[in-house]
Structures are given as structure tokens and as C-alpha cells.
Amino acid sequence: QVQVVESGGGLVQPGGSLKLSCAVSRSLVNLYGMGWYRQAPGKSRESVATISGGSIAYWRDSMKGRITISRDISQSMIYLNMNNLQPDDTAVYYCYVEPIATGTRYWGQGTQVTVSS
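Residue indices begin from 1 for each chain and proceed along its sequence in written order. For this predicted model, a pLDDT threshold of at least 70 governs which residues receive local features, and a threshold of 80 or more governs which side-chain atom pairs are given and counted, while totals over whole chains, interfaces and linings are taken from all residues. Values shown for side chains rest on all heavy atoms present in the structure; no hydrogens or waters enter the calculation.

Q: Any chance you could explain the pattern of salt bridges here in plain terms?
A: If charged atoms from side chains of opposite charge come close, those side chains can pair. Only one rule defines a salt bridge in this text: a Lys or Arg side-chain nitrogen within 4 Å of an Asp or Glu carboxyl oxygen. Counted according to the given criterion, the structure contains six salt bridges. Of the charged contacts, one joins Arg66 and Asp89 as a salt bridge, the two residues approaching to 3.0 Å between their closest N and O atoms. Of this pair, Arg66 sits in the loop between β6 (56–59) and β7 (67–72) while Asp89 sits in the loop between β8 (77–82) and β9 (91–98), and the two are 23 residues apart along the sequence. Side by side, Arg66 and Asp89 carry an identical accessibility label, which is buried. A salt bridge links Arg105 to Glu98; the shortest N-O distance between them is 3.1 Å. Residue exposure (1.4 Å probe, protein chains only): buried if accessible area is under 20% of the type maximum, exposed if over 50%, otherwise partly exposed. Note on Arg105: relative accessible area 31%, which makes it partly exposed. The exposure class assigned to Glu98 is buried, which follows from its relative accessible area of 8%. Beyond isolated ion pairs, a larger network of salt bridges with shared partners links Arg38, Glu46, Arg60, Arg66 and Asp89. Runs of E in the DSSP output that reach at least two residues are strands. Runs of H or I that reach at least four are helices, and both are numbered from the N terminus.

Okay, here's the thing in C-alpha cells:
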């Protein structure tokens, strides 16, 4: 069973930045996909940034230019750097990994991001 644990969330002022971390219990080598989703209260979970086979990246339109997804293979860590955060970015942010293209996505427990002045 793959364990996924997010961290790095917190309270930030509008225009501020956060770096979220995702610790994964298995190697990131040869993963089909990985990425980040978010869920605001009363809303459905929505994609933020994902990477799939061939290192194909998806960026949510409302966050393009403000976020960067990266990973550290040696540490089995996935990161989400977010800049110029706005109140609408307030949500619980979830990390996932997908070992194979048609397989199960393994999710973390989420980390709360609150953007407020």
C-alpha cells in the first residue's frame, strides 16, 4: 500500500506564496502520474496540476503562471510551489500518485491552505 502525506499548508496573505510538500512511501521512479488537487468547502475536488506519462503536465487555467510542480526522486517528494495566492485558492490541497496508467490513484490526507488578510 502506498502512503502519501502532504504538508506545508497554512495561513497566508493574499499575494503570498506557499510551498506544499508530498511525501510518498515508494519510489517516484517510473510513476505514470502524480499531482495535486484541491477541495474548497462545499465544492468538488478539482485538479490543480498533474503530470502523466511522458512528463505531460496539466495546469489549471486559473493558476497558470502561479504554480510549479516538481519532484525530488532521491527523497520521494512531490512539491507544489504556489505564488500570488488569492482567497479563492483557499482549500484543502491533496497530493496523489498513480503507479500505472489504468491503476488506482493513492491520495494523501490533505493540507489546509487558507488565504486571508
